[in-house]
Amino acid sequence: MAINESARRWVSDVARTCRPADVVWCDGSEAERERLLEAAVRVGDLIPLNQRELRSCYLHRSAVNDVARTEHLTFICSREKGDAGPTNNWMAPVEAYDRLTKIFAGSMEGRTMYVIPFLMGPPGSPFSKVGIQVTDSDYVVLNMRMMTRMGTVALEQLGGSDSFTRGLHAKADLNVDRRFICHFPEDNTIWSVGSGYGGNALLSKKCMALRIASHMGRREGWLAEHMLIVGVESPDGEITYICGAFPSACGKTNLAMLIPPASLKGWRVHTLGDDIAWLRVGPDGRLWAVNPEAGFFGVVPGTSSKTNPNAMATIRKNTLYTNVALRPDGTVWWEGHDDPPPPHARDWRGRPWTPASGEPAAHPNSRFTAPASACPSISPEWQNPKGVPISAILFGARRQTLVPLVYQAFSWQHGTFLGATLSSETTAATTGAVGVVRRDPMAMLPFCGYNMAEYWGHWLAMEKRASKPPKIFRVNWFRRDEKGKFLWPGYGENLRILKWVIERCKGGGEAEKTPIGYVPTKSALDRKGLTVSADALKELLRVDREGWRVNLRSQAEFFEKFGDRLPAGIREEYEALARRLKAK
Ligand code: GTP
Ligand code: SPV
Ligand code: MN
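Note on numbering: residues in each chain are counted from 1, in written sequence order. Each chain gets a letter, beginning with A, and each ligand a number, beginning with 1, in the order they are written. Under the rules for a predicted model, residues below a pLDDT of 70 receive no local features and side-chain atom pairs below 80 are neither given nor counted, while totals for whole chains, interfaces and linings still include all residues. Side-chain metrics in this entry use all non-hydrogen atoms of the structure; hydrogen atoms and water are not considered.

Turning to the site of ligand 2, a few remarks are in order. We define proximity as follows: a residue is near a molecule or strand when any one of its heavy atoms falls within 4 Å of that partner. Around ligand 2 lies a shell formed by R69, G198, G199, K205, K206, H226, S248, D275, F297, R367, A429 and F447. Polar contact is defined as a pair of N or O atoms within 3.5 Å, subject to the rule that within protein one atom must be able to donate a hydrogen and the other to accept it, and that residues adjacent in sequence are counted only when both atoms are side-chain atoms. A distance of 2.5 Å is found between an oxygen atom of ligand 2 and a side-chain nitrogen or oxygen belonging to S248. At 3.3 Å, a side-chain N or O of D275 approaches an oxygen atom of ligand 2. Using the Shrake-Rupley algorithm and a 1.4 Å probe, accessible areas are obtained, with residue cover drawn only from the displayed protein chains. Expressed as a share of its isolated accessible area of 280 Å², the protein-covered part of ligand 2 is 98%. Looking at the shell around ligand 2, the elements with two or more residues in it are α6 (198-201) and α7 (204-220). Each residue is assigned to one class: nonpolar for Ala, Val, Leu, Ile, Met, Phe, Trp, Tyr, Cys and Pro, charged for Asp, Glu, Lys and Arg, and polar for all the others, Gly among them. For the shell around ligand 2, the residue count by class is three nonpolar, four polar and five charged. Under the DSSP-based scheme used, a helix requires at least four consecutive residues in state H or I and a strand at least two consecutive residues in state E, with every element numbered from the N terminus.

Take a look at the structure:
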């Protein structure tokens with residue numbers, strides 16, 4: 001492997017601080033995978049699973065205090081505090097480098113430091129970016145080799161350039177009091193210490209491909225988004241590409257892998273990405289998207305042959321399971337699995353578990369890691385260096401009340417406003433209370449690498465760059481009735497909504513103009529074979545004006561936080577909505 005001088009120099013600087021026993025450059029080869037797996041099993045980081053049922057699959061149990069992203073320990077370290085904005089934690093770069101250097105110092109003594117060159121995006125694509133992550137975790141390396149294009153391919157793309165994201169990671173002692181996930185967008189650098197979990201430790205993912213990349217995208221005129229990418233093929237063979245921004249654990253993986261209900265004959269879904277999209281304006285004035293990742297780090301609970309058969313097929317081999325339950329026969333189980341609860345198992349912590357234990361067997365944020373290429377519905381276009389042209393953007397979130405099943409924005413500016421006002425009930429993907437409604441603009445609240453108000457400004461400005469921008473929609477699969485039951489069956493049935501979205505993109509699809517946007521008329525949705533009652537559908541599509549008026553106040557409070565930085569386009573849309581709601 002030809003390693004360029006600036007990469008070599010940076011790695012030796014880092015090694016001088018962390019003082020590992022040895023330094024291993026990862027090449028991404030199969031032999032390397034075998035070595036890593038063997039080492040991880042030897043030290044107890046991985047448990048081999050039943051190799052007959054789950055070939056080359058392993059279970060990882062994380063530390064009990066390290067099971068989700070920790071947003072309160074995540075910082076944007078821009079020189080100016082105002083550039084991080086009111087929705088990010090901020091630390092001055094000098095202070096952050098200083099505090100973390102003390103924690104990194106000697107943190108790898110007696111152990112191996114792995115160097116992971118990785119490529120985000122298809123090789124040779126103008127979208128793609130190189131990073132190098134240093135880590136002391138074999139589990140992280142094994143994840144990164146599925147989640148990114150790791151090793152030689154990345155160094156080849158880098159060539160002699162010093163333009164790569166520098167990611168330094170150490171588990172150190174996994175102490176929450178010494179856990180920091182710091183981003184230095186102005187230095188293209190990430191320092192993360194004290195966690196071995198997902199988005200805290202796989203620096204390619206939220207840290208680089210969203211926080212650092214969103215900052216790059218603003219400078220360079222593109223967007224880095226927390227979005228799935230899916231191609232929907234109609235019975236006549238036409239494929240429409242759609243992106244969807246939903247907060248963590250709100251249904252991106254499931255929508256990206258959707259299997260059409262039997263009653264919608266001839267429809268087919270092609271998966272391109274389940275978590276992150278990088279979008280650029282093409283020469284044709286449309287937005288084109290690539291998935292910078294190469295694997296899925298998906299939510300396990302709730303995944304079954306009923307809800308997501310494509311995911312079930314994807315995770316049958318070569319999969320790392322994190323924090324699921326272990327059955328006596330060496331297979332895995334979780335809440336929502338096809339099989340009924342096992343009479344005996346080990347829970348995610350490794351303790352004996354029975355259905356009477358009164359606690360979930362799998363952690364609610366347990367995850368699978370699997371290569372994208374293993375997904376039966378993976379699109380032939382998923383590695384196209386040009387990306388795919390996007391016709392529609394969906395903003396989706398978890399709201400038990402108020403927000404209708406689907407509605408369409410009046411314009412790009414109004415769509416940006418729908419994104420900016422997105423709110424959702426919190427999930428187990430981040431530490432803290434679950435089920436609390438919070439504003440999560442564009443599903444990027446925890447992932448925007450700069451001031452959110454400027455990010456909205458950047459979104460608004462895309463309209464000037466793109467002559468044919470996607471149409472924008474708000475969706476909500478999570479409405480409930482008074483008894484707490486879901487009003488909408490979701491999963492495969494969500495295709496009915498995508499069908500209307502596609503019709504709208506082509507100038508068809510019946511809709512009623514309401515104060516919040518275009519809402520489908522009852523007859524506009526394809527209901528063939530759908531079991532939802534007429535009353536439930538009416539409720540799902542109802543616009544509760546009084547509820548929206550109350551909501552206006554909370555929107556205003558949120559926007560006030562941004563002071564003068566709030567773009568005029570957002571203010572205009574807020575005022576226009578207020579006027580429409582007051583009329584009549
Ligand atoms: P991250 O990987 O955290 O970014 O999450 P994600 O947005 O990819 O979420 P995912 O698709 O993994 O879904 C999270 C949870 O929501 C799972 O338990 C799913 O079973 C559940 N879910 C997904 N789609 C639907 C739906 O249409 N209706 C209902 N009721 N639940 C859903
Ligand atoms: C999310 O929380 O949105 C995830 C999982 O996709 S993690 O990689 O841990 O951020
Ligand atoms: Mn995510």
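Let us keep going from here.
Here, a salt bridge means any Lys or Arg side-chain nitrogen found within 4 Å of an Asp or Glu carboxyl oxygen. Scanning the model with the defined rule gives 30 salt bridges in all. Of the charged contacts in the structure, one is a salt bridge between D83 and R565, with a shortest N-O distance of 3.5 Å. Of this pair, D83 sits in the loop between β4 (74-76) and β5 (89-90) while R565 sits in the loop between α14 (545-560) and α15 (568-582), placing them 482 residues apart in sequence. Classification of D83 by relative accessible area gives partly exposed; the value is 28%. Think of it in three bands: residues with accessible area under 20% of the maximum for their type are buried, residues over 50% are exposed, and the middle band is partly exposed, with areas taken using a 1.4 Å probe on protein chains only. Of the residues examined, R565 reaches a relative accessible area of 34% and is grouped as partly exposed. Between D136 and R111 there is a salt bridge; the shortest N-O distance is 2.9 Å. Residue D136 is found in the loop between β7 (129-135) and α4 (138-147), and its partner R111 is found in the loop between α3 (93-104) and β6 (112-120); the two are separated by 25 residues along the sequence. Among the residues examined, D136 registers a relative accessible area of 5% and is labelled buried. Members of the salt-bridge network, linked through shared partners, are K205, K206, K252, D275 and E293.

The next subject is the coordination of the manganese ion (ligand 3). With distances of 2.2 to 2.4 Å, the protein atoms coordinating the manganese ion (ligand 3) are K206 (NZ), H226 (NE2) and D275 (OD). In this listing, donors mean N, O and S atoms no farther than 2.8 Å from the metal, or 3.2 Å for Na, K and Ca; water is missing from the atoms, so a site can look incomplete. The rule is simple: four donors are tetrahedral if all their angles sit between 85 and 135 degrees, four are square planar and six octahedral if opposite donors span more than 155 degrees and the others lie between 65 and 115, and anything that fits none of that is irregular. What the six donor atoms of the manganese ion (ligand 3) show is an angle range of 66 to 172° at the metal, which sorts the shape as octahedral. Mapped onto the sequence, the donors of the manganese ion (ligand 3) take the spacing K-x19-H-x48-D. Within this pair, whereas K206 is found in helix α7, its partner D275 is found in the loop between β15 (268-273) and β16 (277-281), the two being separated by 69 residues in sequence. The exposure class of D275 is buried, given its relative accessible area of 9%.

All right, on to the packing of aromatic side chains then. Aromatic rings from Phe, Tyr and Trp, taking only the six-membered ring of Trp, are treated as a pair when their centres fall within 6.5 Å; an angle between ring planes under 30 degrees marks them as stacked, one over 60 as edge-to-face, and anything in between as tilted. Evaluated as defined, the whole model comprises 25 aromatic pairs. Relative to F180, the ring of F75 has its centre 6.1 Å away and its plane inclined at 45°; by these criteria the two rings are tilted. Placement of F75 in strand β4 and of F180 in strand β10 (residues 180-184) is noted, with a sequence separation of 105 residues between them. With a relative accessible area of 13%, F75 lands in the buried category. On the numbers, 6.1 Å between centres and 65° between planes, the contact of F478 with F486 is edge-to-face. One aromatic cluster is present, built from ring pairs that chain together F417, W456, F558, F559, F562 and Y574. For a ring to carry a charge above it, either NZ of a lysine or CZ of an arginine must fall within 6 Å of the ring centroid while also lying within 35 degrees of the normal to the ring plane. Sitting over the ring of F164, R166 keeps its end group 3.9 Å from the ring centre. R504 extends its terminal NZ or CZ atom over the ring of Y518, reaching a point 4.9 Å from the ring centre.

What follows deals with the site of ligand 1. Not every one of the 23 residues close to ligand 1 is listed here, only the nearest: A249, K252, T253, R367 and Y491. A distance of 2.8 Å separates an oxygen atom of ligand 1 from a polar atom in the side chain of N254. P301 places a polar main-chain atom, nitrogen or oxygen, 2.9 Å from an oxygen atom of ligand 1. Here ligand 1, which alone exposes 650 Å², has 93% of that area covered by the protein. Sorting the residues of the shell around ligand 1 by element identifies α8 (252-256) and β18 (295-299) as the ones contributing at least two each. Take the shell around ligand 1: its biggest share by element is three residues, from α8. Here the shell around ligand 1 is built from residues that sort into ten nonpolar, eight polar and five charged.

Moving on: the domain arrangement of the chain. Domain borders in the structure are assigned automatically or taken from a domain database. Taken domain by domain, the chain consists of domain 1 (5-50 + 70-220), domain 2 (225-294 + 379-582) and domain 3 (296-374). Distance between the C-alpha centres of domain 2 and domain 3: 29 Å. In this analysis, two residues are considered to be in contact whenever any of their non-hydrogen atoms come within 4.5 Å of each other. Taken together, the 13 residues of domain 2 in the interface contact 15 residues of domain 3. Two parts placed together each lose some accessible area under a 1.4 Å probe, and the buried area is that loss summed for both. When domain 2 packs against domain 3, close to 1200 Å² is buried across both sides, 63% of that on carbon and sulfur atoms. Put simply, domain 2 and domain 3 have zero salt bridges between them. For the side of domain 2 that touches domain 3, the residue count by class is nine nonpolar, three polar and one charged.

For the rest of this paragraph, the subject is the sheet that holds strand β19 (residues 320-322). When DSSP finds at least two bridges between two strands, those strands are taken to pair. The five strands are arranged β2-β3-β19-β24-β18 in an open sheet whose pairing can be described as mixed. Looking at which strands have only one partner, the edges of the open sheet turn out to be β2 (47-48) and β18. As paired elements, β2 and strand β3 (residues 58-60) share two bridges and run antiparallel to each other. Bridging from a neighbouring strand, I47 pairs with L59 of β3.

What is meant by a nonpolar core is a set of buried Ala, Val, Leu, Ile, Met, Phe, Trp, Tyr and Cys residues, joined one to another through side-chain atoms within 4.5 Å. W278, Y321, W456 and W459 are the most contacted members of the largest nonpolar core, which has 151 residues in total. Those residues in contact with Y321 that sit more than four places away from it in its chain are L49, L54, C57, Y58, L59, H60, I315, V332, W334, R367 and F368. One finds F104, M113, A154 and V193 within the second-largest nonpolar core, a separate group that totals 32 residues.

A few words now on the pairing of β6. Among the nine residues of β6, eight are classified as buried, and the element is accordingly described as predominantly covered. Taken together, the four bridges between strand β1 (residues 22-25) and β6 define a ladder with parallel strand orientation. The residue bridging V23 from the neighbouring strand is M113, located in β6. The sheet contact formed by β6 and β7 spans seven bridges and is antiparallel.

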